[in-house]
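# Descriptive analysis of the structure
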Amino acid sequence: RPSTLDAQRSTMAMVSAKLKLIRSVCASSLLLFSVSQTTTAVAAFSAPRKKLALVTGGNKGVGKEIARRIGIEPDFAVILACRDVDLGREAARDLRENTDIESGCDVVACPVPLDLTDFESVERAARWVEEDYGGNLDVLVNNAA
């Protein structure tokens, strides 16, 4: 049975992994703010270009709606990051095809599973954002449970 100290170390390791993800993909200074008790967003503002947002848990519910609201903004593109890649792809397709805005919804699904409780999963997702988008993540909405 794990001790309280082991549980604290595990929690600190996960916090450290999440901060590493944020540091590895954000290009400038960070602005932290709380969206709700279970949702935290981190925003960084950089040079004029289409801003990139990553929404965890974006395949349904609040996360999907957040992705929709960001994705219809003309200056934004959205990456849906989910534990189940197929559900993420389905949600991204639904957002692109079923948006009433003429300009559409600029959203793609992350091709690697992202489970925020798994350090290696967080690292793989960060590496993918780094490789495919040059590490220029402007907004991170941590909606996943």
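What this report covers is the structure whose coordinates are included nearby. Note that the coordinates shown come from a computational prediction; the quantities given were computed from them, not determined experimentally.

The next point concerns helix α2 (residues 61-71). Restricting attention to buried positions, one finds in α2 the residues Gly63, Lys64, Ile66, Ala67, Ile70 and Gly71. Projected onto a plane normal to the axis of α2, the buried residues spread over an arc of 160° and lie on a single side. Along α2, the residues that are exposed and aim more than 90 degrees away from the buried face are Gly61, Val62 and Arg69. Where α2 is buried, its residues touch β3 (51-56), β4 (76-81), α3 (85-97) and β6 (139-142).

Take the pattern of salt bridges next. What the rule picks out here adds up to five salt bridges. Where arginine 69 meets glutamate 65, a salt bridge forms, and the shortest distance between an N and an O atom there is 2.8 Å. Here the residue arginine 69 and the residue glutamate 65 both occupy positions in helix α2, the gap between them amounting to four residues, near one helical turn. According to the relative accessible area criterion, arginine 69 is exposed, its value standing at 54%. Each member of the salt-bridge network shares a partner with another, and the members are Glu65, Arg68 and Arg69.

Let's shift gears to helix α4 (residues 119-133). Every α-helical turn comprises 3.6 residues, leaving residues that sit three or four positions apart pointing alike. Here α4 spans 21 Å end to end across 15 residues, near enough to the 21 Å set by a 1.5 Å rise per residue. Within α4, the full set of buried residues consists of Ser121, Val122, Ala125, Ala126, Trp128 and Val129. Along α4, the residues classed as buried sweep out an arc of 155° about the axis, all on the same side. Relative to its buried face, α4 has exposed residues pointing more than 90 degrees away, namely Glu120 and Glu131.

With respect to the secondary-structure elements, tryptophan 128 resides in helix α4. For the pair tryptophan 128 and cysteine 110, spaced 18 residues apart in the sequence, the C-alpha separation amounts to 8.2 Å. Once residues within four sequence positions are removed from consideration, tryptophan 128 is found in contact with Ile79, Cys110, Pro111, Val112 and Tyr133.

A few words now on the nonpolar core. Counting 16 residues, the largest nonpolar core has Ile70, Val78, Leu80 and Val107 as its most contacted members. When residues of this core are traced back to their parent elements, those giving at least two are β3, α2, β4, α3, β5 (107-109) and β6. Ignoring any residue separated from it by four or fewer positions in sequence, one finds isoleucine 70 in contact with Ala53, Phe76, Val78 and Val141. Among the nonpolar cores identified, the runner-up in size contains 15 residues, and Ile79, Cys110, Ala125 and Trp128 belong to it.

Criteria and cut-off values
Each chain has its residues counted from 1, following the order in which its sequence is written. Note on the predicted model: pLDDT of at least 70 is required for a residue's local features to be given, and 80 or more for side-chain atom pairs to be given and counted; whole-chain, interface and lining totals, by contrast, use all residues. Just so you know, side-chain values use all the structure's heavy atoms and leave hydrogens and water out. The rule is simple: take the accessible area with a 1.4 Å probe, protein chains only, and divide by the maximum for that residue type; under 20% is buried, over 50% is exposed, in between is partly exposed. To qualify as a helix, a DSSP run of H or I must reach at least 4 residues; to qualify as a strand, a run of E must reach at least 2; elements of each kind are numbered from the N terminus. To be clear, the arc concerns the directions from the helix axis to the C-beta atoms. Any two residues whose heavy atoms approach within 4.5 Å at even a single point are treated as in contact. For salt bridges, the criterion is a side-chain nitrogen of Lys or Arg within 4 Å of an Asp or Glu carboxyl oxygen. Given a helix with a known number of residues, its expected span is that number minus one, times 1.5 Å. By nonpolar core is meant a set of buried Ala, Val, Leu, Ile, Met, Phe, Trp, Tyr and Cys residues that side-chain atoms within 4.5 Å join together.

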